[in-house]
Protein chains: 2
Amino acid sequence: MDPHLLRTYVTVARLASFSAAARELGYTQSAVSQHIAALEQDLGTDLLTRRPVAPTPAGERLLEHAGPLLLRLEAARADVVRRAAAPEHGLTLATTPTALGPRTVAALPRAGVTLRVLAREEVPEAVAAGRADLGLVDGLAAPSDPLRLPDVAPLTTYGVGEESVCVLLPDTHPLAGRPGLRLGDLAHARWLDAPDAGLPLAQLRAAAGGSGFRPALRYEGTDVRVLTALAAAGHGLTLLPRTAATGVPGAVAVPLAQPRVVHRVELVCLGTPGGPAARLAEVLLDGGAGAGTPV
Amino acid sequence: MDPHLLRTYVTVARLASFSAAARELGYTQSAVSQHIAALEQDLGTDLLTRRPVAPTPAGERLLEHAGPLLLRLEAARADVVRRAAAPEHGLTLATTPTALGPRTVAALPRAGVTLRVLAREEVPEAVAAGRADLGLVDGLAAPSDPLRLPDVAPLTTYGVGEESVCVLLPDTHPLAGRPGLRLGDLAHARWLDAPDAGLPLAQLRAAAGGSGFRPALRYEGTDVRVLTALAAAGHGLTLLPRTAATGVPGAVAVPLAQPRVVHRVELVCLGTPGGPAARLAEVLLDGGAGAGTPV
DNA sequence: AGCATGCCATCAGCAATGCTTATCGCGTGT
DNA sequence: ACACGCGATAAGCATTGCTGATGGCATGCT
């Protein structure tokens, strides 16, 4: 189970072609063929059907393991070399835009902090690769369920807060006066697609269990104020945690009644943090111990 | 970052000796020395101090990655070869003793199920290595915090229930009439140490944030009834989820008031389950959606 | 102090791995 | 029917990765 073999295997599976994989990896087709044969012999099973090239059931299973494994190998490598190159670099906190609430901001040390706002999938990756000491990720989850984070390193997660989720509507919207809204009823409304600033539509669809939620406008920035302004101007609806959705001029935040999901924020760190990271983590966790407190 | 190199690295770090690691791994000392040198050159940093042999900071970091990585490589391998050897094997559910509640039992299909009761750390490992299709793990956690599971595979976890934690006391115990108990006050009581049946004392100590909790009797089986009988007979106290602690003859269950921890049960599966595993998972999750419902 | 011991680093040599080039068998599409 | 593209296989060769031997350097004992 040499990682090189795994890498060629996932490449072959992805491209459904030995030759194409060879080109992409800079090998000859012969080498790729030998790699796959070695893997299959090692594991004692066929992993791919040839003509057409497709993973067998055992191969499917291997793919589930191999992808994350390779990611983590790379992350581990990046983490160690980075830490070796820059021995002292203060405290870096990676966060998604809506995970950073007033409580966290207040808890930050007064000096030596680098705050890095990233897209949702990039935060765990940054922590895993040592580009950040701590990460804050938010997302939708069933009450008391952990978030589904990409599996890039032996990360430890702590729930630092859960709060209700609101739909942000322009105050002229016919549903603006409602006390609560059902997500299913809004599947065919106009939605903002802001994967980096708000909650990605994919999470919405998954939560609602259906399709719909066609994007009316896509915003690729990470600024929540732009997002709320877009929603207020009627470009589309968006889902936000309560504290981020209240107080927007021209818009009202209506809590989501169905499905029962919460906006959850988790603190992510690699292994057992030490030094300033540990202290910040402690402050965040202590302050957030009461469940349901916005971060 | 060849896994072989990582393996020798963690071995050297563990044994604090090149020669001993060489003996254990079946290499010559020379080979081990070359492995470490190759790793250090590859990563561009020293990983070990020699004389005495100890990991450098960068090496510490690498250790945090390397252990889990190697575990997962092995688990992936075991999973694939097993799946190849035994293509059809019904549905196997691995569980800790106290994670299996009446609701789960009721949800099981009427045929073709293998139920495997394992110790707490073995459950994720069994799922990762394909020895079980699904796992149920329980443990203590802060309310709405995920359990800290060993990181052996790209496992997906779902919270399937949280319930309160009780101290099981013989009904003759002076504290038996109390409405609630503080764990800190019980640090010096006699405790049962039942790592495989109940909740391990280590988790207790961690939850209480202190020391104490000396074991009066150690029970290495997995039978909860034996554990409750021992507690009723005054051999020591034990912590159990409410449903498991009630109705024990000769003993009473007193809820734990401090610290604020819950008994949490999580469903663990590898990647996206298919077939009968998916159906069982769905039943468990649907039934348990209301938070706080015992499983 | 002197010496012996155990440790890790280094070097040379050798076997095995892992790549390349070349060729073959086999389906497919024209 | 034929040419093409794909993957498997064989032979050759450079490199890797091991072993065994040796060297420098501490520590501990006499």
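Residues numbered from 1 in each chain as written. Chains lettered and ligands numbered in written order. Predicted model: local features only at pLDDT ≥ 70, side-chain atom pairs only at ≥ 80, totals over all residues. Heavy atoms only, no water.

**Some thoughts on the protein's contact with DNA strand C**
Here comes step 1: Neighbouring DNA strand C are 18 residues, the closest being A:Thr28, A:His35, B:Ser19, B:Ser33 and B:Arg50.
Here comes step 2: Among atoms of DNA strand C positioned within 4 Å of the protein, sugar and phosphate together represent 56%.
Here comes step 3: Residue B:Phe18 places a main-chain N or O atom 2.9 Å away from a phosphate oxygen belonging to DNA strand C.
Here comes step 4: Breaking the surface near DNA strand C down by element, the ones donating at least two residues are helix 3 (29–43) of chain A together with helix 2 (18–25) and helix 3 (29–43) of chain B.
Here comes step 5: Grouping the constituent residues of the surface near DNA strand C by class yields 4 nonpolar, 11 polar and 3 charged. (Near = heavy atom within 4 Å. Polar contact = N/O pair within 3.5 Å; in protein donor to acceptor, adjacent residues only side chain to side chain. Helix = DSSP H or I, 4+ residues; strand = E, 2+ residues; numbered from the N terminus. Nonpolar A, V, L, I, M, F, W, Y, C, P; charged D, E, K, R; others polar.)

**Let's talk about the relation of the copies chain B and chain A**
Here comes step 1: When chain B is fitted onto chain A, the two copies agree to an RMSD of 0.1 Å after a turn of 180° and an axial shift of 0.0 Å. Both copies of the chain, as the preceding transformation shows, are related through a two-fold rotation axis. (Least-squares fit on C-alpha atoms with pLDDT ≥ 70 in both.)

**Looking at the protein's contact with DNA strand D**
Here comes step 1: In the vicinity of DNA strand D, 18 residues are found, and the nearest of them are A:Ser19, A:Ser33, A:Arg50, B:Thr28 and B:His35.
Here comes step 2: What you see for DNA strand D is that sugar and phosphate hold 50% of its atoms within 4 Å of the protein.
Here comes step 3: A:Phe18 places a polar main-chain atom, nitrogen or oxygen, 2.9 Å from a phosphate oxygen of DNA strand D.
Here comes step 4: In the model, a phosphate oxygen of DNA strand D is placed 2.4 Å from a nitrogen or oxygen of the A:Ser19 side chain.
Here comes step 5: By residue class, the composition of the surface near DNA strand D is 4 nonpolar, 11 polar and 3 charged.

**Describing the UniProt feature "domain: HTH lysR-type" (unreviewed entry) in chain A**
Here comes step 1: Under the UniProt annotation, "domain: HTH lysR-type" (unreviewed entry) lies at residues 1–56 of chain A.
Here comes step 2: For residues 1–56 of chain A, the end-to-end C-alpha separation is 17 Å, with 64% helix and 7% strand making up the annotated structure. (UniProt positions renumbered as here; feature names shortened; annotations may be inferred.)

**Examining the pairing of strand 11 (residues 238–241) of chain A**
Residue and element names in this part refer to chain A.
Here comes step 1: Residues of strand 11 alternate between two faces, with Thr238 and Leu240 on one and Leu239 and Pro241 on the opposite face, all of them buried.
Here comes step 2: In terms of strand pairing, strand 7 (residues 165–170) meets strand 11 through 4 bridges, oriented antiparallel. By the bridge assignment, leucine 168 is partnered in strand 11 with threonine 238. (Buried < 20%, exposed > 50% of the residue type's maximum accessible area, 1.4 Å probe, protein only. Pairing = 2+ DSSP bridges.)

**Some details on helix 3 of chain A**
Here comes step 1: Its 15 residues place the ends of helix 3 of chain A 21 Å apart at the C-alpha level, agreeing with the 21 Å of an ideal helix rising 1.5 Å per residue.
Here comes step 2: Those residues of helix 3 of chain A lying buried are A:Ala31, A:Val32, A:His35, A:Ile36, A:Leu39, A:Glu40 and A:Leu43.
Here comes step 3: Packing partners of the buried residues in helix 3 of chain A comprise helix 1 (3–15), helix 2 (18–25), strand 1 (48–49) and helix 4 (57–85) of chain A together with helix 4 (57–85) of chain B.
Here comes step 4: Looking at the residues trailing helix 3 of chain A, positive phi occurs at A:Gly44, about 75°. (Expected span 1.5 Å × (residues − 1). Contact = heavy atoms within 4.5 Å.)

**Some details on the sheet that holds strand 12 (residues 251–258) of chain A**
All names here are of chain A.
Here comes step 1: Sheet architecture is open: 4 strands sit in the order 8-12-7-11, paired in mixed fashion. Whereas interior strands pair on both sides, the edge strands pair on one side only; in this sheet they are strand 8 (181–182) and strand 11.
Here comes step 2: By the bridge criterion, 2 bridges tie strand 8 to strand 12 in an arrangement that is parallel. Residue pairing in the sheet places leucine 181 in a bridge with leucine 256 of strand 12.

**Considering the domain arrangement of chain A**
Quite often, the size of an interface is put as the accessible area lost when its parts meet.
All names here are of chain A.
Here comes step 1: Here chain A is partitioned into domain 1 (3–78) and domain 2 (88–295).
Here comes step 2: Just the C-alpha atoms count here: the centres of domain 1 and domain 2 sit 36 Å apart.
Here comes step 3: Between domain 1 and domain 2, the contact holds 5 residues from the first and 6 residues from the second.
Here comes step 4: On the surface where domain 1 and domain 2 come into contact, there are 0 residue pairs in polar contact (both at pLDDT 80 or more). (Domains from an automatic or database assignment.)

**A look at the pattern of salt bridges**
Pairing between side chains of opposite charge can happen when the charged atoms of each approach one another.
Here comes step 1: All chains considered together, the criterion is met by 22 salt bridges over all chains.
Here comes step 2: Note that A:Asp42 is salt-bridged to B:Arg77, the shortest N-O span being 2.9 Å. Highlighted residues: A:Asp42 in helix 3 and B:Arg77 in helix 4, drawn from two different chains.
Here comes step 3: Residue A:Asp42 is classed as partly exposed on the basis of its relative accessible area of 32%.
Here comes step 4: We note a salt bridge from A:Arg218 to A:Asp193, for which the minimum N-O separation is 2.7 Å. Highlighted residues: A:Arg218 in strand 10 (residues 215–218) and A:Asp193 in strand 9 (residues 191–193), separated in sequence by 25 residues.
Here comes step 5: Classification of A:Arg218 as partly exposed rests on a relative accessible area of 48%.
Here comes step 6: Taking the relative accessible area as the measure of exposure, A:Asp193 reaches 10% and is therefore buried. (Salt bridge = Lys/Arg side-chain N within 4 Å of Asp/Glu carboxyl O.)

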